[in-house]
Amino acid sequence: MQYSIKVVGQALITTLQGELDLHTSPQFKADIAAKMEAYPDIKHLIFDVKNMSFIDSSGLGVILGRYREIQPRGGKMYFVQANPQIKRVLQVSGLHKISEFVNSSQEVLDRV
Amino acid sequence: METKNWIKLEFPSETVNVAFARTAIALFAAQLDLTLDELEDIKVAVSEAVSNSVIHGYQNNLGTIIVQASYGNGQLQIVVEDFGQGIPDIELAKETGYTTIPQERMGLGLTFIYEYMDDVVLTSQVNQGTKVTMKKNVPNQES
Ligand SMILES: Nc1ncnc2c1ncn2[C@@H]1O[C@H](COP(=O)(O)OP(=O)(O)OP(=O)(O)O)[C@@H](O)[C@H]1O
Ligand SMILES: [Mg+2]
């Protein structure tokens with residue numbers, strides 16, 4: 001699992017590569033939480049999952065936890081280029097109702 | 001059922017073994033004529049069951065997990081078993097969103113297992129352990 005986390009304006013852009021599961025999610029959770037603490041006005045979460053090959057409930061738990069932080073600020077959550085497995089997992093979990101599937105991070109940055 | 005092939009894995013409940021288990025079972029399942037989507041479903045289901053054994057069954061202490069897979073008569077069967085603390089109320093545990101660790105988990109694992117597999121049997125006894133038996137229909141047997 002590899003990832004990079006960067007802040008652009010009020011958006012947090014996370015690019016993920018590999019498999020996010022019980023083993024890899026604690027470190028990811030710590031890193032993304034630290035970044036959000038350092039930038040308390042972050043409103044939008046963009047997850048670039050184009051190269052993410054696997055996610056299960058452990059990974060979804062981390063993502064939903066971050067969403068709960070930005071929700072009171074009126075923020076939104078976006079998934080860039082989700083593959084069919086990831087889309088399906090997001091649908092079964094209901095997370096698709098509170099997020100948007102997009103083609104690029106730029107597309108979101110242009111809008112918010 | 002006439003079993004054509006089978007495997008059995010036994011490993012300690014280390015989080016790093018979750019990926020090993022789902023990948024190994026997917027490789028075994030790839031002997032059958034399954035679509036890539038179906039293989040992904042199987043990976044998620046195994047990942048959820050093994051993760052539950054690690055997190056809830058053994059509460060992050062070390063214990064043994066056994067994963068078995070077999071196929072024959074148009075079905076792939078996967079059994080994930082632990083000898084941990086068990087589930088007091090199975091019907092409640094199966095409810096979407098029910099979790100005993102609400103601070104960090106979403107109560108989705110069992111929902112994924114039931115959604116992604118064709119037939120699931122969950123049995124458990126407090127202080128003895130939990131066994132998840134899940135089946136996927138494979139109309140065309142071997143590839
Ligand atoms: N192998 C197990 N041993 C003991 N308890 C279990 C086991 N599997 C599931 N449970 C119980 O059933 C509940 C529901 O399981 P489920 O996988 O649906 O959700 P979760 O693991 O709590 O959250 P998530 O899967 O979303 O991370 C768990 O919170 C736990 O109390
Ligand atoms: Mg679970």
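Residues numbered from 1 in each chain as written. Chains lettered and ligands numbered in written order. Predicted model: local features only at pLDDT ≥ 70, side-chain atom pairs only at ≥ 80, totals over all residues. Heavy atoms only, no water.

1. Here's the deal with the pattern of salt bridges
Residues and elements named next belong to chain A.
Stage number 1. Tallied over the entire structure, the rule returns twelve salt bridges over all chains.
Stage number 2. Between Arg 66 and Glu 69 there is a salt bridge; the shortest N-O distance is 2.4 Å. Of this pair, Arg 66 and Glu 69 are both found in helix α2 (residues 57–70), three residues apart, which corresponds to roughly one turn of the helix.
Stage number 3. According to the relative accessible area criterion, Arg 66 is buried, its value standing at 10%.
Stage number 4. When its relative accessible area of 30% is taken as the criterion, Glu 69 is described as partly exposed.
Stage number 5. One salt-bridge network, in which partners are shared between bridges, spans Lys 76, Glu 100, Glu 107 and Arg 111. (Salt bridge = Lys/Arg side-chain N within 4 Å of Asp/Glu carboxyl O. Helix = DSSP H or I, 4+ residues; strand = E, 2+ residues; numbered from the N terminus. Buried < 20%, exposed > 50% of the residue type's maximum accessible area, 1.4 Å probe, protein only.)

2. Considering the confidence of the model for chain B
Stage number 1. Of all residues in chain B, 97% attain a pLDDT of 70 or more, and the chain-wide mean is 95.
Stage number 2. Among the scores for the predicted complex, ipTM is 0.95 and pTM is 0.97. (pLDDT = per-residue confidence, 0-100.)

3. Details of the pairing of strand β3 (residues 75–82) of chain B
Residue and element names in this part refer to chain B.
Stage number 1. Most of β3 sits inside the fold, with six of its eight residues counted as buried.
Stage number 2. Across eight bridges, the pairing between strand β2 (residues 64–72) and β3 is antiparallel. By the bridge assignment for β3, Gln 68 is matched with Val 79.
Stage number 3. Between β2 and β3, which pair antiparallel in sequence order, lie two residues; one of them, Asn 73, sits at a positive phi of approximately 45°.
Stage number 4. Bridging between β3 and strand β5 (residues 129–137) involves eight bridges; their strand directions are antiparallel. Among the inter-strand pairings, Gln 75 is bridged to a residue of β5, identified as Asn 137. (Pairing = 2+ DSSP bridges.)

4. Section: the site of ligand 1
Stage number 1. Around ligand 1 sit 20 residues, and of these His 56, Thr 99, Thr 100, Arg 105 and Leu 108 of chain B come closest.
Stage number 2. Site remark: ligand 1 is flanked by residues from chains A and B.
Stage number 3. Take Met 106 of chain B: an N or O atom from its main chain is 3.4 Å from an oxygen atom of ligand 1.
Stage number 4. The contact in question runs from an oxygen atom of ligand 1 to an N or O atom on the backbone of Gly 109 of chain B, over 2.9 Å. (Near = heavy atom within 4 Å. Polar contact = N/O pair within 3.5 Å; in protein donor to acceptor, adjacent residues only side chain to side chain.)

5. So, the interface of chain A and chain B
Stage number 1. In this complex, chain A contributes 19 residues to the contact, which on the side of chain B involves 23 residues.
Stage number 2. When the buried area of chain A at its contact with chain B is split by residue, Leu 22, Arg 88 and Val 92 of chain A rank highest and sum to 31% of it.
Stage number 3. Remark: the boundary between chain A and chain B carries three salt bridges.
Stage number 4. One salt bridge connects Asp 41 of chain B with Arg 88 of chain A, and the closest N-O pair in it is separated by 2.6 Å.
Stage number 5. Linking chain A to chain B there are eight residue pairs in polar contact (both at pLDDT 80 or more).
Stage number 6. Listed by contribution, the elements that provide at least two residues to the side of chain A that touches chain B are β3 (44–55), α2 and α3 (84–93) of chain A. (Contact = heavy atoms within 4.5 Å. Buried area = accessible area lost by both parts, 1.4 Å probe.)

6. Section: the nonpolar core
Stage number 1. In this structure, Ile 42, Val 50, Val 67, Leu 76, Ile 78 and Met 134 of chain B are the most contacted members of the largest nonpolar core, which totals 38 residues.
Stage number 2. Setting aside residues no more than four positions away along its own chain, Val 50 of chain B makes contact with Phe 11, Val 18, Ala 21, Ile 65, Val 67 and Val 80 of chain B.
Stage number 3. One finds Ile 32, Met 36 and Leu 45 of chain A together with Tyr 116 of chain B within the second-largest nonpolar core, a separate group that totals 32 residues. (Core = buried A, V, L, I, M, F, W, Y, C linked by side-chain atoms within 4.5 Å.)

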